[in-house]
Amino acid sequence: MESGNGTKISNFLLLLGLSGESELQPLIFGLFLFMYLITLFGNLLIILAVSSDSHLHTPMYFFLSNLSFVDICFTSTTIPKMLWNIQTQSQVITYEGCITQMYFYILFAGLDDILLTVMAYDRYVAICHPLHYMVIMSPQLCGLLVLISWIMSVLYSLLHSLMVLRLSFCTDLEIPHFFCEIKELVQLAYSDTFLNNMMMQFGAGLLGGGTLTGILYSYSKIVSSVYRISSARGKYKAFSTCASHLSVVSLFYCTSLGVYLSSAGTHSSHSSAAASVMYTVVTPMLNPFIYSLRNKDIKRALKRFLGMETISR
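Residues numbered from 1 in each chain as written. Predicted model: local features only at pLDDT ≥ 70, side-chain atom pairs only at ≥ 80, totals over all residues. Heavy atoms only, no water.

### Considerations on the overall build of the chain
Part 1: In terms of regular secondary structure, the chain is built from 11 helices and 3 strands.
Part 2: Listed by position from the N terminus, the elements making up the chain come as β-α-α-α-β-α-α-α-β-α-α-α-α-α.
Part 3: Put simply, the chain has 313 residues, and 47% of those count as buried.
Part 4: Surface accessibility of the chain: about 15700 Å² in total, with carbon and sulfur atoms responsible for 67%. (Helix = DSSP H or I, 4+ residues; strand = E, 2+ residues; numbered from the N terminus. Buried < 20%, exposed > 50% of the residue type's maximum accessible area, 1.4 Å probe, protein only. Areas by Shrake-Rupley, 256 points an atom, 1.4 Å probe, with all protein chains shown as cover.)

As structure tokens, then:
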């Protein structure tokens, strides 16, 4: 039965790519449930802290709250379905469900990438043009940057999804992954996938390479500007405002690069699935901790929100 020429695939068999041992399934379920709840709780606290504290109503924290929201959505596209599969002992996902999961996965991964670049630009303006920061990073520009990020990600994800819809598949497929990853899905098609492979390579180079270039350019200007500051205290203060963002960027790109290298350097889909855990689960979970532990404003806002600190009059 084919999917690209009018007949829909009835079911996909989605295999958990982390462990095939049934006795390990309860351990995997508990571990991923714990990480998922920590991700939801941590990112939600960041959003609530930023929205409830007027001192954090600045461009930097506006972008941070958007990043936290995207991280919640990003993790929610894969982990709940995987937990449901383990709990019900059923590894079946419908064709429509697989395409939908793939669409939102690409969407929120792209948003993560673009928002980190926007945050790098925000730090560049704050350090290199401090006197004009509030003028340049106006609420209108911040809203426009987030809107453009969404539009670009939606179009990028839609293009990939439409490219997959044109492919033909067998009725029953086994995807050796814990979610419908586009590369694994395309490899299972029995129609010509040349355009899909070209689009994936081009998209990865354009989105990943373009955003990384923007981040590196912003920080090259930041380093150049900080180098001209005479006092050591001034240099430390300037770099400290970038420390959390740099940590998140490093974690994001190192894990995504690990996924890319594991899929390109080995034929084992299980290795690719294991590497994807860092990218799709661990990174969104650690982001709130990185920002809250290294940022005094966030820690103060969290204490106020949780009632652990009395606001001085």
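### Focus on the pattern of salt bridges
Part 1: Enumeration according to the criterion identifies 3 salt bridges in this entry.
Part 2: The partner of D53 in a salt bridge is R304, with the nearest N and O atoms 3.4 Å apart. Placement of the pair is D53 in the loop between α1 (25-52) and α2 (59-76) and R304 in helix α11 (residues 296-305), with a sequence separation of 251 residues.
Part 3: Across the pair R300 and D297 runs a salt bridge, and its minimum N-O distance is 3.1 Å. You can see R300 and its partner D297 sitting in helix α11, 3 residues apart, about one turn around the helix. (Salt bridge = Lys/Arg side-chain N within 4 Å of Asp/Glu carboxyl O.)

### Describing the packing of aromatic side chains
Part 1: Within this structure, the stated rule accounts for 8 aromatic pairs.
Part 2: Consider the rings of F108 and W150, whose centres lie 6.2 Å apart with planes at 90°: the pair is edge-to-face. Placement of the pair is F108 in helix α4 (residues 95-128) and W150 in helix α6 (residues 139-165), with a sequence separation of 42 residues.
Part 3: Overall, W150 belongs to the partly exposed group, its relative accessible area being 28%.
Part 4: Seen in terms of ring centroids, F252 and Y253 are 5.3 Å apart; in terms of plane orientation they differ by 80°. Their pairing is edge-to-face.
Part 5: In this structure F252 comes out as buried when scored by relative accessible area, which is 5%. (Phe/Tyr/Trp six-rings, centres within 6.5 Å; stacked < 30°, edge-to-face > 60°.)

### Observations regarding the packing of α2 against α6
Part 1: At a minimum axis distance of 10 Å, the contact between α2 and α6 shows a crossing angle of 25°. In terms of orientation, α2 and α6 fall into the roughly parallel class. The handedness of the crossing between α2 and α6 comes out as right-handed. Contact residues: P59, F62, F63, N66 and F69 in α2; C142, G143, L145, V146 and W150 in α6.
Part 2: Residue composition of the contact of α2 with α6, grouped by class: 8 nonpolar, 2 polar and no charged. (Axes fitted to C-alpha atoms, helices over the stretch in contact; angles between N-to-C directions. Parallel < 35°, antiparallel > 145°, perpendicular 65-115°, else oblique. Left-handed = near helix turned anticlockwise from the far one by under 90°. Contact = heavy atoms within 4.5 Å. Nonpolar A, V, L, I, M, F, W, Y, C, P; charged D, E, K, R; others polar.)

All we've got here are geometric facts, nothing functional implied.
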